[in-house]
Amino acid sequence: MTTLTQHLAARLGVLAAGVALGALMAGSALADPALIYDLGGKFDKSFNEAAYNGAEQWKKETGGTYHDIEIQAEAQREQAVRKFAQAGYSPIVVTGFSFADTLAKVAPDFPAIHFIQIDSVVDQPNVQSVVYKSNDASYLAGVLAAKTSKTGKVGFVGGMAIPLIHAFFCGYKEGFMATDPKGTVFENYTGTTAAAWNDPVGAGELAKADFDRGADIVYAAAGASGLGVIDRQRVV
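Residues numbered from 1 in each chain as written. Predicted model: local features only at pLDDT ≥ 70, side-chain atom pairs only at ≥ 80, totals over all residues. Heavy atoms only, no water.

Visitor: Just to check I follow, could you spell out the overall build of the protein for this structure?
Guide: Each helix and strand counted, the protein has eight helices and eight strands in total. The proportion of buried residues among the 236 residues of the protein is 51%. Partitioning the contacts of the protein with sequence separation of at least 6, the portion at a separation of at least 24 is 68%. Accessible surface, the protein: about 10,500 Å² in total, of which carbon and sulfur atoms supply 54%. (Helix = DSSP H or I, 4+ residues; strand = E, 2+ residues; numbered from the N terminus. Buried < 20%, exposed > 50% of the residue type's maximum accessible area, 1.4 Å probe, protein only. Contact = heavy atoms within 4.5 Å. Areas by Shrake-Rupley, 256 points an atom, 1.4 Å probe, with all protein chains shown as cover.)

Given below as structure tokens:
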């Protein structure tokens, strides 16, 4: 058995890294840019790490300097954003939709600072919102899963059960079913709070359950929780 996690991480990594790279370059002439990672950490093998890779690529190509920080709890979101804004960094890139409320509150206090919100929309003049069609990439993952699966059964492990991650699942399922109409797609989520992004043990158990039901491919869109899916992978 195998998993599509690495393949999709690579595809989504290119997309997210490109977003981060373009965002950082856009503001490089103003001041040092900054990057704030969401819960799960810089090296989550998912969205945060893709943003980090984009920032590192920008640094290598331009010789510029950026600042970054990893938050450890929900309560640190506003503190981190204000700290970087007060330091004069611009643009300040935040890597998850969970920062939206924070930016809506903080951005008006720093009109000269440019903020970039990935994965959500913040209606402020100094905030650039970046969203993308995650269901499109997931559709391709579903097609690939259907063409690769030997059992006709595949799984999905999402992080927090929210519309954004539901879109990942829907695209994945539609791509799979369009390619294998008689197949089966198992749907799972690690939770309903922000802790769902950092629960590799729980995600691993969900992946194991899918494998036990006959799935031979599991696709994860779960932040650092996806590491648990990788740990559970089986090779044919």
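Visitor: When you look at the environment of Ser-138 in this model, what are you seeing that I'm missing?
Guide: Tracing the backbone shows Ser-138 in helix H5 (residues 134-148). In the structure, Ser-138 is positioned 34 residues away from Tyr-172 in sequence and 4.5 Å away in space, judged by C-alpha atoms. In this structure Ser-138 touches Phe-168, Gly-171, Tyr-172 and Tyr-219, once residues within four positions along its chain are discounted. Side-chain polar atoms of Ser-138 contact the backbone oxygen of Phe-168, separated by 3.2 Å. (Polar contact = N/O pair within 3.5 Å; in protein donor to acceptor, adjacent residues only side chain to side chain.)

Visitor: I tried to follow the sheet that holds strand S2 (residues 67-70) on my own but got confused; where do I start?
Guide: Strand pairing in a sheet takes place through backbone hydrogen bonds and is either antiparallel or parallel in direction. Strand order in the open sheet made by the five strands is S2-S1-S3-S4-S5, with parallel pairing throughout. Each of the sheet's edge strands pairs with one partner strand only, and the pair in question is S2 and strand S5 (127-130). Taking the axes of each pair of neighbouring strands and ignoring which way they run, one obtains an average angle of 15° across the sheet. Inspection of the sheet shows strand S3 (residues 92-94) paired to strand S4 (residues 115-118) by three bridges, in the parallel sense. Bridge pairing in S4 links Val-93 to Ile-116. (Pairing = 2+ DSSP bridges. Axes fitted to C-alpha atoms, helices over the stretch in contact; angles between N-to-C directions.)

Visitor: Even after reading the chapter, I still don't get the confidence of the model for the protein, so can you show me in this structure?
Guide: Caution is warranted with low-pLDDT regions, since their predicted coordinates should not be read in detail. Overall, the predicted model of the protein reaches an average pLDDT of 86, with 86% of residues at or above 70. For the protein, helix H1 (residues 5-27) is the element with the lowest average pLDDT, namely 46, and strand S7 (residues 184-191) is the one with the highest, namely 97. For residues 1-17, every residue scores under 50 in pLDDT, and the model assigns this stretch 41 contacts once sequence neighbours within four places are set aside. (pLDDT = per-residue confidence, 0-100.)

Visitor: When you look at unusual backbone geometry in this model, what are you seeing that I'm missing?
Guide: In this chain, Ser-90 is followed by Pro-91 through a cis amide linkage whose omega measures 0°. Considering the arrangement of structural elements, one finds Pro-91 in the loop between helix H3 (76-86) and S3.

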